[in-house]
Structures are given as structure tokens and as C-alpha cells.
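# Analysis of the macromolecular model
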Amino acid sequence: ASSAASDVYKRQIPNVLIRIVVSMILGCVIGLDRGLKKRGAGTKTNTIVCLGATLVMLTAQYMEVYFPGKSDLSRMASQVISGVGFLGVGTIIVSGHQVRGLTTAASLWACACVGLAVGIGFLDGGVIITVCVLISLHVLPRLEKYFFRRSKYLSVYVELETNGSISEFLEKLQENQIQVDTMDVIKGKTKKTPCALLLTLRLSTAYKSTYVEQLEEIPGVNSVDII
């Protein structure tokens, strides 16, 4: 039985090499796209993640050939999918009122999934998903900007001189007929220390620059940033 299994696996060696090469290429393509944008996880990281995931599935298949009924392909795959999340967390950076690295973390996770698909022999799925990931990374941001310019919602980060300026600021918004959809307050330690507001405003027109200028002219406002 052992020799028969060995013969089966030897016949699969060319297929195994093809999977490894395809995995390396696809991981490199995804990583290169991120690396050119100077993101946290570039070509090396994505390629290694994709190859590692491929090796896990090849190992699981190897175990199934030599130890039939004693291995679980889906269990090893699930460990990769959950485990790569820890790597993705390291690429997420919270800076001030902005969060960066979520797309990089998502691409790492998707790259691991591509590696799993290629490792088990589902090359078509791995290639198609890689193309879809690249389209998402390049086309969707442009589509998002198109709709953002025409959206009547505006998210802003507003810094005020003191905590006491909040009520005056909200009164000025009402006077200018600017509707507040949601608001989060980051108060200072005392009433006279600076504070910040995270606001989502509902606008009557899509000309956002006009509203930003109105906010900056309100007394007690230090700065206004579009999120």
C-alpha cells in the first residue's frame, strides 16, 4: 500500500511543481501591486504568505495519500485562514483620526486563500481571484471617488479650541442649516483644553468645499479635515 501511494505521489510531482510556481507568481503579482504603492506588505510578504498557504495544502494532500482517512484537508486550511489574521493585524496602523492598512491586511488574507486554492490544485480559481483582487484594488477606488464627489454626506474631523466651544459650534451649524447625521466627541481633560469632533453631515448639495469653508469660519474652530 505504501509503495502504491509512493507511485501515485511521484506521478503528481510535475503537478506539484506547477502549483508551487503558479503560487509564487500570483503571490508576487499581488505583492508587487501593493509594493509599488509603498504599502506595509509588499512583494516578499505576499509571495511568502501565498507559498506558505500552498505548502499547507500540499502537505495536507500528501498526508491524505500516505495516511488515507487520518487527515483533514479543511482543518489545515482553516488554520491558515485564521492564522494569517495575526499577520494582517501588524499592518494596521491607527494614526490620529485615520486607520491605515486595512486593505493591506485584506490582501494578505486573500493572498493566503489564493495559495490554498493553488495548493489543492484549483489553479483556475486562484488565477481568477487574483485578477479580481487586482481589479478591486485599482478600479474600485476610482469608482468610490466618483460616488464620493456626488454624495450628499460628508465626514469631517473638527478640532475646537476648548470643550466649551462645542455648544457654540453646533448652534452655528443649525444657523447655517447644516444637518448632523452622526457625531462623536473627543473631549479634552478640562473645559478650557482643545477637543475634537467626528461628524457625518447631511448636505443639501454635493459641493463639499463650500461646507468645509463654512466650518472653518465658525469661531472656536482650529482645523477641519475631510475623512
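Scroll up to find the structure.
## Thoughts on the overall build of the chain
Per the secondary structure count, the chain includes 7 helices and 6 strands. Every one of the 227 residues in the chain was classed for burial, and the buried ones make up 34%. A separation threshold of at least 6 residues defines the contact pool for the chain, and within that pool the share at least 24 residues apart is 68%. When the accessible surface of the chain is totalled, it reaches about 13800 Å², and 61% of it is carbon and sulfur.

## What to know about the nonpolar core
Judged by nonpolar contacts, the single largest core of 19 residues is most densely connected at Val156, Val158, Leu160, Phe169 and Leu215. Put simply, the parts of the chain that give this core at least two residues each are β3 (153-160), α6 (165-175), β5 (195-202), α7 (208-216) and β6 (221-226). Contacts of leucine 215, omitting those with residues within four sequence positions, involve Val156, Phe169, Leu173, Ile178, Leu201, Val221 and Val224.

## Description of a negative patch on the surface
On the surface, Glu159, Glu213, Glu216, Glu217 and Asp225 cluster together to form a negatively charged patch. Mapping glutamate 213 onto the fold places it in helix α7.

## Overview of α6
Burial in α6 covers these residues: Ser165, Ile166, Phe169 and Leu173. Around the axis of α6, the buried residues are gathered within 100° of arc, so they sit on the same side. Facing away from the buried side of α6 by more than 90 degrees, the exposed set consists of Gln174 and Glu175. Taken together, the buried residues of α6 touch β3, β4 (179-186), β5, α7 and β6.

## A closer look at the pattern of salt bridges
Evaluated as defined, the whole model comprises 2 salt bridges. Two residues, glutamate 175 and lysine 172, come together in a salt bridge whose shortest N-O distance is 3.7 Å. With glutamate 175 and lysine 172 both in helix α6 and 3 residues apart, the pair spans about one turn of that helix. Residue glutamate 175 is classed as exposed on the basis of its relative accessible area of 56%.

About the cut-offs
- Residues numbered from 1 in each chain as written.
- Predicted model: local features only at pLDDT ≥ 70, side-chain atom pairs only at ≥ 80, totals over all residues.
- Heavy atoms only, no water.
- Helix = DSSP H or I, 4+ residues; strand = E, 2+ residues; numbered from the N terminus.
- Buried < 20%, exposed > 50% of the residue type's maximum accessible area, 1.4 Å probe, protein only.
- Contact = heavy atoms within 4.5 Å.
- Areas by Shrake-Rupley, 256 points an atom, 1.4 Å probe, with all protein chains shown as cover.
- Core = buried A, V, L, I, M, F, W, Y, C linked by side-chain atoms within 4.5 Å.
- Patch = residues over 30% accessible without salt bridge, like charges linked within 9 Å, V, L, I, M, F, W, Y side chains within 5 Å.
- Salt bridge = Lys/Arg side-chain N within 4 Å of Asp/Glu carboxyl O.
- Lys, Arg positive; Asp, Glu negative; His and termini not counted.
- Charge placed at Lys NZ, Arg CZ, Asp CG, Glu CD.
- Arc of directions from axis to C-beta.

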